Amino acid sequence: MPNAYEDTPSALSQVQHRAVSELLRVSPVADDLARRFQQAGFTLALVGGSVRDALLGRLGNDLDFTTDARPEDVLKIVRPWADAVWEVGIAFGTVGAQKEATVGDARQRFEIEITTYRSESYDRTSRKPEVSYGDSIEEDLVRRDFTVNAMAVALPEKEFIDPHGGLRDLAERVLRTPAAPEDSFSDDPLRMMRAARFAAQLDFDVAPDVVAAMSAMSGRIEIVSAERVRDELNKLILSAHPRKGLGLLVESGLAAHVLPELPALSLERDEHHRHKDVYEHSLIVLEQAIDLETDGPDLTLRLAALLHDIGKPRTRRFEKDGRVSFHHHEVVGAKMTKKRMTQLKYSNELVKEVSRLVELHLRFHGYGEGEWTDSAVRRYVRDAGPLLDRLHKLTRSDCTTRNKRKANALARTYDGLEERIARLQEQEELDAIRPDLDGNQIMETLGVGPGPAIGKAYKFLLELRLENGPMEQDAAVKALKEWWAEQPQD
């Protein structure tokens, strides 16, 4: 089988060939599976991202294989062997399986995908790839998205297959396509998004001819389903280097089709430079929000950080005194966020959370130097609800001034607000603010049954609770009766 380094093996390739062999040696599940395919008269190879990650020293327990066996044959081989089998991707030639195996002294669970050699392409109007099966691994590898994903290791022989120089590109940290990039992106336009995603995940550069093809063909992304675009965007945003991928989306013109609010942030700066580059500011806020994450990548926080100022272009005004204003951009931005995320088929819950954070991200700036009353602090907590911790992180991240004195002052002020929230939470259980009387107590006090009046009374007591803090039951009953006496009675 072809090997791009057969004639001129480099020290790098030798080391990494040994790394692949070693990783496979300690993965008996791969060898066991390969022997079963061999006995049935078929070939099996570890392929794509699994080989790439093995060479990078980061192979996990998700293993991708390719084979000349058709899906129905794969099922016959895998079903008696695997602990679980699923056929969700069988229409695209993929069979999934789960298998526990002993590695060293430990039991480990492997998630496995086995895909028949294939090629896939789109017509000019289709949103779904048309799958056709191939008969050789060379055919399969040339249709892969990038050369670093077009390497394989034939099993059980452990022969390294790299017809397109993927190992060289891996060493150079560059993304190229096995075929001409125009052909690759025509076959599957989502690969343009994947270029940006892999650049962000791996911190790789994208070859100039690939970027040029992305720019020339960016409009082709329109035929790809919103769900597939969203999934790639999520992986990019959750990566280690999202700025790199987002910059490529904007540079290539892809963002204009999938997230047009992002390039729109590159506002022309006025001649006196009285306002910031909002696009650059948003990327810095995203990076600063990432630095504040404590439990791994947080998609809600990252999306809110990226989108928090998307209302600025629509609200920009040049005032008579020469200043630039963006009045109510947080309200406009929240609506735009909801619309865009809905179009990208995000879940209703995520849409609600991100748009709420965008809406609230400016609230802190009314705090001044601590002038808020306890009532205002309670409302801040109530309005943020379960998003309070993320709102803290977003608000702190939104400070990108280079003026260290100003930045430190803002940080100290927010420290003060968080301390006040903590004190009130300890005293009043702010996380579960509710009226001092429940619905049954309200009905008993007023002598009325369920109905709109009870809802109005509940709202009155909630406002009273927010304004004054906790009340004794007798005081709450008295206040409710006084309010009720002032209400028009039918």
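Coordinates for the structure precede this section.
So, how was this worked out
Going along each chain's sequence as written, the residues are numbered from 1 onward. Reporting of local features is limited, given that this is a predicted model, to residues whose pLDDT is at least 70; pairs of side-chain atoms are given and counted only at 80 or more, and all residues count toward the totals for whole chains, interfaces and linings. With hydrogens and water excluded, all non-hydrogen atoms of the structure serve as input to the side-chain values. Runs of E in the DSSP output that reach at least two residues are strands. Runs of H or I that reach at least four are helices, and both are numbered from the N terminus. Think of it in three bands: residues with accessible area under 20% of the maximum for their type are buried, residues over 50% are exposed, and the middle band is partly exposed, with areas taken using a 1.4 Å probe on protein chains only. Every residue pair with non-hydrogen atoms within 4.5 Å of one another is taken to be in contact. Per-residue accessibility takes into account occlusion by the displayed protein chains alone, with areas from the Shrake-Rupley method and a 1.4 Å probe. Here a cavity is any set of points on a 1 Å grid over the protein atoms alone where a 1.4 Å probe fits but cannot get out, and a pocket is any open set with protein on both sides within 12 Å along at least 5 of 7 lines; a residue lines the site when it has an atom within 4 Å of a point. Grid points are joined across faces, edges and corners, and a volume is the space filled by probe spheres set on the points. Think of it as three bins: nonpolar holds Ala, Val, Leu, Ile, Met, Phe, Trp, Tyr, Cys and Pro, charged holds Asp, Glu, Lys and Arg, and polar takes everything else, Gly as well. Whether two strands pair depends on DSSP finding at least two bridges between them. To define a nonpolar core, start from buried Ala, Val, Leu, Ile, Met, Phe, Trp, Tyr and Cys residues and group those joined through side-chain atoms within 4.5 Å. All axes are obtained by fitting lines to C-alpha atoms, using only the stretch in contact for helices, and the reported angles, taken between N-to-C directions, cover 0 to 180 degrees. Orientation is classified from the angle alone, with under 35 degrees giving roughly parallel, over 145 giving roughly antiparallel, 65 to 115 giving roughly perpendicular, and any other angle giving oblique. Take the far helix as your reference; a near helix turned counterclockwise from it by less than a right angle gives a left-handed crossing, and one turned clockwise gives a right-handed crossing. Salt bridges, as used here, are contacts in which a Lys or Arg side-chain nitrogen is within 4 Å of a carboxyl oxygen on Asp or Glu. Directions are taken from the helix axis to each C-beta atom, and the arc is the one they span. Each polar contact in these results corresponds to two N or O atoms within 3.5 Å; when the atoms are within protein, one needs to be able to donate a hydrogen and the other to accept it, and residues that are neighboring in sequence are counted only if both atoms are side-chain atoms. To estimate the expected span of a helix, count its residues, drop one, and scale the result by 1.5 Å. Between the rings of Phe, Tyr and Trp (Trp by its six-membered ring), a pair exists once the centres lie within 6.5 Å; its type follows the angle of the planes, with under 30 degrees stacked, over 60 edge-to-face, and the other angles tilted. Our definition puts a charge over a ring when NZ of Lys or CZ of Arg is within 6 Å of the ring centre and also within 35 degrees of the ring normal.

Some remarks on the overall build of the protein chain
In terms of helices and strands, the protein chain carries 23 helices and 13 strands. For the protein chain, the proportion of its 490 residues judged to be buried stands at 49%. Contacts in the protein chain between residues far apart in sequence, at least 24 positions, make up 66% of those at least 6 positions apart. Split by element, the accessible area of the protein chain, about 23,900 Å² in all, is 48% carbon and sulfur.

Here's the deal with empty space enclosed by the protein
Summed over all chains, the structure comprises one cavity of 30 Å³ or more. Approximately 50 Å³ is the volume found for the largest cavity. Forming the walls of the largest cavity are Leu233, Leu259, Leu303, Leu306, Leu307, Arg340, Met341, Leu344 and Tyr346. For the lining of the largest cavity, the elements supplying multiple residues, two or more each, are α14 (299-307) and α16 (329-343). Each residue belonging to the lining of the largest cavity can be placed in one class, and the counts come to eight nonpolar, no polar and one charged.

Here's the deal with the pairing of strand β8 (residues 152-155)
Of the two faces of β8, the one lined by Ala152 and Ala154 and the one lined by Val153 and Leu155 are each fully buried. Relative to β8, strand β1 (residues 44-47) is paired through four bridges, and the arrangement is antiparallel. Looking at the pairing, leucine 44 lines up with leucine 155 of β8. Sheet topology note: the β8/strand β9 (residues 159-161) ladder contains three bridges and is antiparallel. From the neighbouring strand, alanine 154 faces β9, where its bridge partner is glutamate 159.

Here we look at the nonpolar core
Grouped together as the largest cluster of nonpolar side chains are 110 residues, with contacts concentrated most on Phe65 and Ile112. For this core, the element with the most residues is helix α8 (residues 190-202), which contributes nine residues. What phenylalanine 65 contacts, discounting residues up to four positions off in sequence, is Ala30, Leu33, Leu44, Ala45, Leu46, Val47, Ile112, Glu113, Ile114, Thr115 and Leu155. Residues Leu437, Ile442, Leu461 and Trp483 belong to the second largest nonpolar core, which totals 13 residues.

Some thoughts on the packing of helix α21 (residues 439-446) against helix α23 (residues 473-486)
Relative orientation of the contacting elements α21 and α23 amounts to 55 degrees, with a least axis distance of 10 Å. Taken together, the axes of α21 and α23 lie oblique to each other. In this structure, α21 meets α23 at a crossing whose hand is right-handed. Within the contact between the two elements, α21 uses Gln441, Ile442, Thr445 and Leu446 and α23 uses Gln473, Val477, Leu480, Lys481 and Trp484. Per-class residue counts for the contact of α21 with α23 are five nonpolar, three polar and one charged.

Focus: the sheet that holds β9
Across a sheet, paired strands are connected by hydrogen bonds in the backbone, their directions being either parallel or antiparallel. On the basis of which strands lie adjacent, the open sheet formed by seven strands has the order β3-β4-β5-β2-β1-β8-β9 and mixed pairing. What marks the edges here is a single partner per strand, and that holds for β3 (84-86) and β9. Within this sheet the neighbouring strands show an average axis-to-axis angle of 30 degrees, counted without direction. The strands that helix α4 (residues 71-78) touches are β2 (62-67), β3, β4 (94-103) and β5 (106-116); relative to β4, the one it contacts most, it runs at about 25 degrees.

Section: the pattern of salt bridges
Scanning the entire structure with this criterion turns up 33 salt bridges. Linking arginine 363 and aspartate 383 is a salt bridge whose minimum nitrogen-to-oxygen distance equals 3.0 Å. In this pair, arginine 363 is assigned in the loop between α17 (348-360) and α18 (374-384) and aspartate 383 in helix α18, connecting sequence segments 20 residues apart. Judged by its relative accessible area of 18%, aspartate 383 is buried. Residue aspartate 374 pairs with arginine 420 through a salt bridge whose shortest N-O separation is 2.9 Å.

Structural notes on helix α11 (residues 242-252)
Since one α-helical turn is 3.6 residues long, residues separated by three or four positions face the same way. For α11, the set of buried residues is Pro242, Gly245, Leu246, Leu248, Leu249 and Ser252. Taken down its axis, α11 places every buried residue within 155 degrees of arc, on the same side. Where α11 ends, the next residue or the one after it, glycine 253, has phi of about 90 degrees, a positive value.

With respect to the environment of threonine 67
You can see threonine 67 is positioned in strand β2. For the pair threonine 67 and threonine 115, spaced 48 residues apart in the sequence, the C-alpha separation amounts to 6.3 Å. Once residues lying within four places of it in the same chain are set aside, the contact partners of threonine 67 are Phe37, Phe42, Thr43, Leu44, Val74, Ile114, Thr115, Thr116 and Tyr117. A polar atom in the side chain of threonine 67 sits 2.6 Å from the backbone oxygen of threonine 43. Among the polar contacts listed, one links the side chain of threonine 67 to the backbone nitrogen of alanine 69, at a separation of 3.0 Å.

Quick notes on α23
The terminal C-alpha atoms of α23, which comprises 14 residues, lie 20 Å apart, in line with the 20 Å expected from a rise of 1.5 Å per residue. When α23 is considered as a whole, its buried residues turn out to be Ala476, Val477, Ala479, Leu480, Trp483 and Trp484. All buried residues of α23 fall inside an arc of 165 degrees around its axis, so they share one side. The exposed set on the far side of α23, more than 90 degrees from its buried face, consists of Asp474, Lys478, Ala485 and Glu486. Its buried side turned inward, α23 meets α21 and α22 (452-468).

Focus: the packing of aromatic side chains
Tallied over the full model, the rule gives three aromatic pairs. Judged by centre distance (4.6 Å) and plane angle (70 degrees), the ring pair of phenylalanine 364 and tyrosine 414 falls under edge-to-face. With phenylalanine 364 in the loop between α17 and α18 and tyrosine 414 in helix α20 (residues 404-428), the pair connects residues that are 50 residues apart, well separated along the chain. The exposure class of tyrosine 414 is buried, given its relative accessible area of 2%. With centroids separated by 5.3 Å and ring planes inclined at 55 degrees, the aromatic side chains of tryptophan 372 and tyrosine 380 adopt a geometry described as tilted. Assigned by exposure class, tryptophan 372 and tyrosine 380 land together as buried. A cation over a ring is seen here: arginine 197 above phenylalanine 198, with NZ or CZ 4.4 Å from the ring centre. For the cation-ring pair, lysine 312 lies above phenylalanine 326, with the distance from its terminal atom to the ring centre recorded as 4.8 Å.

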